[in-house]
Amino acid sequence: MRRRAIVMLALAGVLALGVAPAAADSLLVNGTTRTFVLQAPATRPAPLVIVLHGKTQSSADMMTRTSWPLIAKRDGFAVAYPDGLNHAWADSRPHQRRAGNPPPEGTDDVAFITQLIAKLVGDGTADPRRIYVTGISNGGAMAMTLVCERADLFAAAASVIMNLTDESARACRPQRPVPMLLMNGTADPLIPDQGGRGTSRFAVDGFWSTERTLQFWRRTNGCATGDAATTDLPDRNPSDQSTVTRIETNCPQGRDVVLYRVNGGGHRMPGNFPDAHFAKLATTLLGPQNGDIDGADTIWAFFMRFP
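Keep in mind the model is a prediction, meaning the values are calculated, not measured.

Undergrad: Mind laying out the pattern of salt bridges, listing which residues take part and the relevant values?
TA: Here the structure, examined in full by the defined rule, presents 14 salt bridges. Residues Asp 25 and Lys 119 are paired through a salt bridge, measuring 3.8 Å at the closest nitrogen-oxygen approach. On the criterion of sequence distance, the pair formed by Asp 25 in strand β1 (residues 22–29) and Lys 119 in helix α4 (residues 109–122) is long-range, its members being 94 residues apart. A residue is classified by how much of its surface remains accessible, and Asp 25, at 34% relative accessible area, is partly exposed. Linking Asp 166 and Arg 212 is a salt bridge whose minimum nitrogen-to-oxygen distance equals 4.0 Å. With a gap of 46 residues between them, Asp 166 in helix α6 (residues 166–170) and Arg 212 in helix α7 (residues 210–220) connect regions that are remote in the sequence. Each of the salt bridges in this network shares a partner with another, and the network as a whole consists of Arg 74, Asp 75 and Asp 297.

Undergrad: I'd like a description of the nonpolar core, backed by residues and values.
TA: Counting 50 residues, the largest nonpolar core has Ile 50, Leu 52, Phe 154 and Trp 217 as the members making the most contacts within it. In terms of residue count, helix α5 (residues 138–150) provides more of this core than any other element does, seven residues in total. Contacts of Ile 50, omitting those with residues within four sequence positions, involve Ala 80, Pro 82, Ile 113, Ile 117, Tyr 132, Val 133, Thr 134 and Phe 154.

Undergrad: If you had to explain the confidence of the model for the chain to someone new, which residues and values would you point to?
TA: Mean pLDDT over the chain stands at 93; residues scoring 70 or higher make up 93%. Taken element by element, the predicted model of the chain shows its lowest mean pLDDT in helix α1 (residues 2–16) (45) and its highest in strand β6 (residues 156–160) (99). When the criterion is pLDDT under 50, residues 1–16 qualifies, and its contacts beyond four places in sequence or with other chains add up to 19 contacts.

Calculation criteria
Residues numbered from 1 in each chain as written. Predicted model: local features only at pLDDT ≥ 70, side-chain atom pairs only at ≥ 80, totals over all residues. Heavy atoms only, no water. Salt bridge = Lys/Arg side-chain N within 4 Å of Asp/Glu carboxyl O. Helix = DSSP H or I, 4+ residues; strand = E, 2+ residues; numbered from the N terminus. Buried < 20%, exposed > 50% of the residue type's maximum accessible area, 1.4 Å probe, protein only. Core = buried A, V, L, I, M, F, W, Y, C linked by side-chain atoms within 4.5 Å. Contact = heavy atoms within 4.5 Å. pLDDT = per-residue confidence, 0-100.

Okay, here's the thing in structure tokens:
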């Protein structure tokens, strides 16, 4: 009941912004009720973006702390905001590579998202050729896991503030190349840019560096290993303690890999939406939030190019 009240408050906030309709719904997956919120498109079938929250978060956080609802309304696509069990996702990392409380043993989030897509394609909401997945932190790891296991479902994917581990890389054998966007901060205390263990007391060890993760997706998609172009984006918010560099790759057509490196950025989604109730505390614990780009808008601009 508490979660339902939170979702209803989030929906009320979205409606107040003039973004509608959105509705809470559920699926039965392997005997377990799984919940999600759908922001329906004005016309159907439409592109579908699946937005995966970070650990300790929920669908309500993605709706109220990012610009995804406004961008979807503006450009006429559908957004599904699923909920992880225990506010977490069962990505391909072992438990010791995940901080905090994991989902219950045996949770199959690949089956959940696969079934969710089937429902939305089956009822005419989603265009099966234009389905995209993105996630932040633990949700970013889950987005990469979905590409690794069900590449056939997605036209493109994006991972925010997350890197691979030895275990997740070994488990990753995509059926086909999927365009991939990465967006990581160089001052992230949880997912360190240089790999290993972050500086936060909540961090765990074993992460690859951002560069190694980038090279993995370049190899997977048959791209060149070097940087094709490096562009320092305008510093539109000098007070945010960070800047953004876009790093592009020479790839075969339809296999693009790009990194948005947030120089001095923390474990935060870039944008001008407050991503935490207590901004100063979030900056202390997670590092700066960049305001030069909007993470959701940047990801959607990438997604729009595929197929």
